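# Inside the fold
The primary structure of each chain is shown beneath.
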Amino acid sequence: QKEVEQNSGPLSVPEGAIASLNCTYSDRGSQSFFWYRQYSGKSPELIMSIYSNGDKEDGRFTAQLNKASQYVSLLIRDSQPSDSATYLCAVSASGGSYIPTFGRGTSLIVHP
Amino acid sequence: DGGITQSPKYLFRKEGQNVTLSCEQNLNHDAMYWYRQDPGQGLRLIYYSQIVNDFQKGDIAEGYSVSREKKESFPLTVTSAQKNPTAFYLCASTTYNEQFFGPGTRLTVL
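Residues numbered from 1 in each chain as written. Chains lettered and ligands numbered in written order. Predicted model: local features only at pLDDT ≥ 70, side-chain atom pairs only at ≥ 80, totals over all residues. Heavy atoms only, no water.

Turning our eyes to something else, we now look at the sheet that holds strand β1 (residues 4-5) of chain A. Residues and elements named next belong to chain A. Spatially, β1-β3-β8-β7-β6 is the arrangement adopted by the five strands of the open sheet, whose pairing is antiparallel. Strands with a single pairing partner mark the edges of an open sheet, and in this sheet they are β1 and β6 (54-58). As defined by bridge partners, strand β3 (residues 19-25) adjoins strand β8 (residues 71-76) across six bridges and the pair is classed as antiparallel. Its bridge partner lying in β8, T24 is registered against Y71. (Pairing = 2+ DSSP bridges. Helix = DSSP H or I, 4+ residues; strand = E, 2+ residues; numbered from the N terminus.)

Next up, the structure:
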């Protein structure tokens, strides 16, 4: 059974700090990795995709992937109260049917 | 303006009733999905469809049915056989391995 594990949190950080969200996965065949942001009562919004080892930066967000350790993380620099949300990690294998496996999400609270 | 629409936003069902949730997309995506989300839980896959007139069961298909007669549309019926249907239902579609979600339908059983 493919599993994606995230700490449920909440992770509480002060405004302006770096928030670090982590995700581990069980399927070594995984090739595609995604981070979604979900505000309370809303649907998930795709914020980052990463496919190869290393870092990928987009604005204040950096995704980090280490396939050998089966670990993917999301860093949010200069955290803002508007970043307060649940962050879902999703993982999928390459080819065939695209059926991602989602983690349960980590709740992030950015306090002023 | 491209996107995924779901209707209604809120839906109330009486015991024993079937209800249908609408999902439409104008993104020209081939694959569409239905997920269920319960409080504190991850997304659980109900059904998915990769092409018109074809669909597969996900992890929790019992008590649900779908159809895919048009590329743009993937309605989900919650039948009376689904014993605990109160949840947030999310429709999604995929292109180039990236999955995008509609705004969701919140279903409550009275």
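And the narrative resumes.
Residue-level contacts link 20 residues of chain A with 23 residues of chain B. When the two sides are added together, the surface that chain A and chain B hide from each other amounts to roughly 1600 Å², 51% of it contributed by carbon and sulfur. When residues of chain A are sorted by the area they lose upon contact with chain B, Y98(A), F102(A) and R104(A) head the list and together hold 31% of the total. Our enumeration of links across chain A and chain B arrives at zero salt bridges. Between chain A and chain B we count five residue pairs in polar contact (both at pLDDT 80 or more) in total. (Contact = heavy atoms within 4.5 Å. Buried area = accessible area lost by both parts, 1.4 Å probe. Salt bridge = Lys/Arg side-chain N within 4 Å of Asp/Glu carboxyl O. Polar contact = N/O pair within 3.5 Å; in protein donor to acceptor, adjacent residues only side chain to side chain.)

Residue and element names in this part refer to chain A. Take L65: it is sitting in strand β7 (residues 61-66). Considered as a pair, L65 and S79 are 14 residues apart in the sequence and their alpha carbons are 21 Å apart. When neighbours within four sequence positions are excluded, L65 is seen to be in contact with Y25, F33, I50, Y51, S52, N53, G54, Y71 and V72.

Residue and element names in this part refer to chain B. Following the sequence through the fold, Q82 ends up in the loop between β8 (76-78) and β9 (87-95). Taking relative accessible area as the criterion, Q82 reaches 12% and is therefore assigned buried. Within polar-contact distance, the side chain of Q82 engages the backbone nitrogen of N84 at 3.1 Å. (Buried < 20%, exposed > 50% of the residue type's maximum accessible area, 1.4 Å probe, protein only.)

Moving on: the state of the cysteines. Tallied over the entire structure, the rule returns two disulfides over all chains. Through a disulfide, C23(A) is tied to C89(A); the S-S separation comes to 2.1 Å. Residues C23(A) and C89(A) are joined through a disulfide that is left-handed, its torsion about the S-S bond being -75 degrees. Of the two residues, C23(A) sits in strand β3 while C89(A) sits in strand β9 (residues 85-93), which places them 66 residues apart along the sequence. Neither C23(A) nor C89(A) differs from the other in exposure class; each is buried. A sulfur-sulfur separation of 1.8 Å characterises the disulfide bridge that pairs C23(B) with C91(B). (Disulfide = S-S within 2.5 Å.)

Here we come to the packing of aromatic side chains. For any pair of aromatic rings, geometry is given as the distance between the ring centres together with the angle between the planes. What the rule picks out here adds up to 11 aromatic pairs over all chains. On the basis of an interplanar angle of 70 degrees and a centroid distance of 6.0 Å, the ring pair of F102(A) and F101(B) is categorised as edge-to-face. Of this pair, F102(A) sits in strand β10 (residues 101-102) while F101(B) sits in strand β10 (residues 98-101), which puts the two residues in different chains. Overall, F102(A) belongs to the buried group, its relative accessible area being 9%. Arranged with centres 6.3 Å apart and planes meeting at 20 degrees, the rings of Y33(B) and Y35(B) form a pair that is stacked. (Phe/Tyr/Trp six-rings, centres within 6.5 Å; stacked < 30°, edge-to-face > 60°.)

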